Amino acid sequence: MTAPPAPSSATTPATATTPGPAVSASAAAALAEPPAGSAAARFGPVALVISAGISVQFGAALAVMIMPRAGAAGVVTLRLTAAAVVLLLLCRPKVRGYSRSDWGTVLAFGLALAGMNGLFYQAIDRIPLGPAVTLEVLGPLALSVVVSRRLVNVLWAGLALGGVVLLSGHGGGGLGFGSLDALGAAYALGAGAMWAAYIVFSARTGRRFPQADGLALAMAVAAVLSLPLGVAQAGSALLVPGTLALGVGVAVLSSVLPYTLELLALRRMPAPTFAILMSLEPAIAATAGFLVLHQAMSALDALAIALVIAASMGAVRSQMRKQAA
């Protein structure tokens, strides 16, 4: 898939920051664009992305804990369904007045959400959280190279790829992923491809729909797509009160909060910068895996993740210099 040119805040329609009847005054203030050139304008979107990463990875760690109860597909269904219900109640999105192209964007966004979540949860059911996200982040990195025309970003992406190759030697298996489950690694790579699609269609949805309305509608699409698989795997286990409660917690941490923050960030920064910041996710995931799941990392794993982080920080600096020029 070929990514479109990176969006900028200048192309965001006025309706994207105009509060609707279901949005409070404080929420409207949070959605308002900061003054150009201010510290909030420069660093606010970065803080939104990093906060989203912390939320989603600790939510993923919580999801791993309930997989024995409902399975990977069941957890995805709980997460997406609960997130859709919460977002639909909060946003109360309008369904009239949109073009066929608008609805096509929402459907594509929902498909990307369902695919990204489904593949990723299958991956972390088989391999540790840190390595899974390190492999998954290749998708956003590839996107940043495709949509950026600067040679330096290709070099930074190459350094990140070196970290992934190093990770593929996990357990002494050379390029064969060693002791990492091969199917789990494949699922993580597939999730990375869907992650790149998520970035593209999240940006498009944010430009076409006010507030988080498009996200709420896309989440509903993703929930409907995931429901048959979740019911087939987990059945009545999805209705156990304790499992339902944990599923709601995963939904808030891994979907409602981070996706809303990311959608707001994509209205204020180019897609390449957003994709580059996603490279910080492996470190966040490894920390969550260690603190919540007690998944220890080897020195080789830590070095591989450090290379990916170094690449992301270098790419962010080069992107900021380009914007300042």
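Procedures and definitions
Residues numbered from 1 in each chain as written. Predicted model: local features only at pLDDT ≥ 70, side-chain atom pairs only at ≥ 80, totals over all residues. Heavy atoms only, no water. Axes fitted to C-alpha atoms, helices over the stretch in contact; angles between N-to-C directions. Helix = DSSP H or I, 4+ residues; strand = E, 2+ residues; numbered from the N terminus. Parallel < 35°, antiparallel > 145°, perpendicular 65-115°, else oblique. Left-handed = near helix turned anticlockwise from the far one by under 90°. Contact = heavy atoms within 4.5 Å. Salt bridge = Lys/Arg side-chain N within 4 Å of Asp/Glu carboxyl O. Core = buried A, V, L, I, M, F, W, Y, C linked by side-chain atoms within 4.5 Å. Buried < 20%, exposed > 50% of the residue type's maximum accessible area, 1.4 Å probe, protein only. Expected span 1.5 Å × (residues − 1). Bend = angle between axes of the 7 residues up to and from the residue.

A.B. asks: Talk me through the packing of helix H5 (residues 138-147) against helix H7 (residues 182-208); I want residue IDs and the actual numbers.
C.D. replies: Viewed as axis vectors pointing N to C, H5 and H7 meet at an angle of 50°, and their least axial separation amounts to 6 Å. Put simply, H5 runs oblique to H7. For the pair H5 and H7, the sense of crossing is right-handed. Where H5 abuts H7, its residues Leu138, Gly139, Pro140 and Leu143 lie against Leu189, Gly192, Ala193, Trp195, Ala196, Ile199 and Val200.

A.B. asks: Give a description of the pattern of salt bridges that names residues and reports values.
C.D. replies: This model, assessed by the stated rule, comprises 1 salt bridge. The shortest N-O distance in the salt bridge between Arg208 and Asp102 comes to 2.6 Å. With Arg208 in helix H7 and Asp102 in helix H3 (residues 100-124), the pair connects residues that are 106 residues apart, well separated along the chain.

A.B. asks: So what's going on with the nonpolar core? Residues and values would help.
C.D. replies: Leu113, Phe120, Tyr121, Ile124, Leu129, Tyr198 and Met219 are the most contacted members of the largest nonpolar core, which totals 86 residues. Considering every element that reaches this core, the biggest residue donor is helix H2 (residues 39-91), with 21 residues. Excluding residues within four positions of it along the chain, Ile124 makes contact with Ala60, Val64, Met67, Leu129 and Ala132.

A.B. asks: Outline helix H9 (residues 241-266), listing residues and values.
C.D. replies: A rise of 1.5 Å per residue sets the reference length of H9, with its 26 residues, at 38 Å; its end C-alpha atoms lie 36 Å apart and thus fit the reference within 8%. Val252 marks where H9 bends most, by close to 40°.

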